[in-house]
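Working through the structure, step by step
Listed below, chain by chain, are the residues.
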Amino acid sequence: MLDSLNFELITPTAAIQRKLHGARAKCLQRLIRLEMPVPETVALSIPLVRAIAAGQRPDLSGILGHFGSWPVISVRSSPVEPDWGGPGTILNIGMNRATEAYLSSRIGADAAAALHLKFIKSYALDVARLDDEMFDIPDLTPDRALEAYETEMDEPFPQDIEAQLFEVLKSMSRAWEGTSARLLRQSKGAPENAGIGLVVQRMAFGLGKGESGAGVIHFINSDTGKRQKVGRYLSQAQGRDALSNEGQAMYLTRDKRGPSLEETQPDIFADLERYGAIARKGLREEMQIEFTLEGGNLHILDALVTPRSARARVAVAVALADDKVIAREDAVLRIDTKTVADLLHRQVAPKAARDVILTGFAASPGAACGKLVFNTVAAQAAAARGEASILIRRETSPEDIRGMHAARGIVTERGGMTSHAAVIARGLGLPCVSGASGMEIDAKARILRIPDGRIFSEGDLVTVDGSTGQVMAGEVAMVEAGIGGPFRKLMTWADKLRDIGVRANADTPTDAEVALVFQAEGIGLCRTEHMFFDEDRLTVLREAIFASNTNDRQAALERLLPMQRRDFEQIFTIMAPRPVCLRLFDPPLHEFLPSTRSGIRELAEAMDLTAREVQMRIDDLSEFNPMLGMRGVRLGITVPEIYAMQARAIFEAAILASPKGGPAVVPEIMIPLVSAKREVELVKSRIDAVAADVAAEKGVSIEYRLGVMVETPRAALRAGDIAMHASFLSFGTNDMTQMTYGLSRDDAGRFMSDYVNEGVFPEDPFHALDQDGVGELLGLACERGRHVREKLTLSVCGEHGGDPDSIAFCRRLGMDYVSCSPFRVPVARLAAAQLAIRDPLVHEENFDFPEA
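In short, a report on the structure. (Residues numbered from 1 in each chain as written. Predicted model: local features only at pLDDT ≥ 70, side-chain atom pairs only at ≥ 80, totals over all residues. Heavy atoms only, no water.)

Some remarks on the sheet that holds strand β16 (residues 409-412)
- Spatially, β12-β22-β21-β14-β15-β16-β17-β13 is the arrangement adopted by the 8 strands of the open sheet, whose pairing is mixed. If you trace the sheet from one side to the other, it starts and ends with β12 (356-359) and β13 (361-364), each paired once. The average undirected angle you get between the axes of adjacent strands in this sheet is 30 degrees.
- Sheet analysis places strand β14 (residues 367-373) next to strand β21 (residues 461-465), joined by 5 bridges and oriented antiparallel. Considered in β21, the bridge of G370 is made with V462. (Pairing = 2+ DSSP bridges. Helix = DSSP H or I, 4+ residues; strand = E, 2+ residues; numbered from the N terminus. Axes fitted to C-alpha atoms, helices over the stretch in contact; angles between N-to-C directions.)

Below, the structure written as structure tokens:
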């Protein structure tokens, strides 16, 4: 027999601990401390429950001794985190023939028989694991139920309360240890060895004489978070019967549709309101209260955090802080970053019916409904007609960019969280499901076959849920984005708390406007080559790339100059007075070469060449590994006219965007894919020359900041040399990760899940920054760069800039800001504030990196 100290009667002063007895036990103690009418309750510790699962018998008489004579009790699960779930509650333990006879005189024969029958059925189904069909007997009574049990089990139903309780405890403890339960709670964040406590509580019957019944009540609207009394009450009921029998249940507040508890039991209703207010203040949370009436007496059985939507979570946290129930810092800490991501996009309504046809990675949050299309042309045509479309591809490539811009959502058969489709979708704020395997796409016939055999054709309506990774047939009900008053107030508090800047990656004026809506502190990365994806610009850019001599190239670049200048001026104007960092041209050339017959023909017409001549030029420009070929600074040095055109466009735009009599725009110009100091020297000298020319032509002085995008391991290692000619270093962690690992981001999704499952990598390094490998390179670069230039500005501008764990690492390195896609800016702002609250004194010297 186990030591009796492994269980504890819950009193105001009992040594109840959440980690030892679970969240429910601790909550019940708090309700008791708040002087609520909670029935006597005993908490069984997690070690005791584990021992019971192993077959050891606890001190049952000691437990039952707390409940007096004729005890009738319930057992509820008490996990450390309520979200982890647990076995269902079992009521009326202790009911047998003798107890039924005893209770008949107290609550009535019918009520006593009903309690007995409820327990027999519950025990048979949940403990003995029998089928409920055995109770399909007309006019079922306790005696007939006991006979059915004995026939099925070849043994009598246990009549002794200790035997009943031990079997219930053993069943519930072993259910927690089962494989399915273990996998389910691990999916909700529970550690593999998570235990569970149990609470044994005296029954408040809810059946019998006088007003008896059971109900639940909470005090907010679960969708909006606004104050509202919500719930149900069912007379002659137990537990949560009121929720499963809404047709028979009574309303809580006055309602034209039927009677209410407020009208029939005004004193009880007033007590519930009072206890709700006490719980809100005492537990510092909006609680859902489970209650029972027994002969007109109110009993509070349990209280849970009221379920709520992402929008309501924010509204409640802000309201609690406004009412001084919690501090603003607590409000900021209560909102997880996924909640913020959900709020920024439309979402599938929580109670909407889902006909799921495909499942993949939840690659980009949000939801959208549209007509199925299979290529870029169809997506653009749908947009031109004002129709929403969902673009479905085996995998996307740069040629699909225009179609992705036109579509409302994206689905791919291949890829993962860091595939081309996922990264572009997150930048555009589009929902995306990647890696939806099992489907068959016939692009020519424009049909989709799904695993269950159904066929969908172009034009059929589908809904994409990028927050769950599901694709559904038809149109599904949506909930609009929720970035209203409470959200903005919360983010204002977060901004005052955080100690690292947050900028946005924005490539066009439209992107800049989105960044401003989400209150980015500037643009940390403008990929200037992305301005050329529009058809009219792409043709001119291709002419510049294809030009066989300097004069032809210069002629094409002169046509591009006003396009870039106009875009830069708009971005400077939109973001003023915030800083804008413009990365010079960095295209892997294959992204801009035509690959289709129609594309080759269009370029041939524009350049007055034959299709064969165009194809020959494409072959000349083709590279074995374009991602490591003629791109970035290499293109700028070998074809200097391109960077010269861009520098001129930047400086002229800065002059145009500078307000008269106000501070001049100071652009930040970033050189991509640098590996050596000399590359920076060459580009800097040429940009200085362009700045001098423009200053002389316009009669103004020009100031700008030159920086380097550190993407290659060599640039990180030689950061001290490079920093001599740069005022800032911005780490492009996407390419840095690719080059450090020797992995293609677009192809890694095919095997990355296997690598993570096998423990090769703890996480996908393109999704969460590799702090040991890539992180060491970043640390060395920060240390060596600031050794040369003390006030060197440091930042991260890859996808990792929006990941909370990566932000924490950047903050510890002493970086000045992170930059991420516009739709991840609020996530980064909140994560940075939470880090500052939890860990306010973190310094770079805490990290031990090798000497330079």
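Focus: the packing of helix α23 (residues 597-607) against helix α24 (residues 611-621)
- Taken N-terminus to C-terminus, the directions of α23 and α24 make an angle of 105 degrees; their axes are 8 Å apart at the nearest point. Looking at the two axes, α23 sits roughly perpendicular to α24. Judged by residue contacts, I600, L603 and A604 of α23 engage A611, V614, Q615 and I618 from α24. (Parallel < 35°, antiparallel > 145°, perpendicular 65-115°, else oblique. Contact = heavy atoms within 4.5 Å.)

Points about the packing of helix α8 (residues 161-177) against helix α9 (residues 179-187)
- Between α8 and α9, the least distance of the axes is 5 Å, while the angle of their chain directions is 60 degrees. Put simply, α8 runs oblique to α9. Counting all contacts with α8, which are made through A175, W176 and E177, the residues of α9 involved are T179, A181, R182 and R185.
- Residues of the contact of α8 with α9, tallied by class, amount to 3 nonpolar, 1 polar and 3 charged. (Nonpolar A, V, L, I, M, F, W, Y, C, P; charged D, E, K, R; others polar.)

Examining empty space enclosed by the protein
- Tallied over the entire structure, the rule returns 2 cavities of 30 Å³ or more.
- Of the voids in this model, the largest cavity is the one considered here, and its volume is about 60 Å³.
- Those elements that provide at least two residues to the lining of the largest cavity are β3 (73-79) and β5 (196-202).
- Its volume calculated, the second largest cavity comes out at about 50 Å³.
- As for the second largest cavity, its lining consists of I483, F487, R488, M491, V517, F518, Q519, P826 and R829.
- At the level of secondary structure, the elements contributing two or more residues to the lining of the second largest cavity comprise α19 (485-497) and α35 (825-838).
- Top contributing element to the lining of the second largest cavity by residue count: α19, with 3 residues.
- In terms of residue class, the lining of the second largest cavity is made up of 6 nonpolar, 1 polar and 2 charged. (1 Å grid on protein atoms, 1.4 Å probe; cavity = no way out; pocket = protein on both sides within 12 Å on 5 of 7 lines; lining within 4 Å. Points joined across faces, edges and corners; volume = space filled by probe spheres on them.)

Structural measurements only, silent on function.
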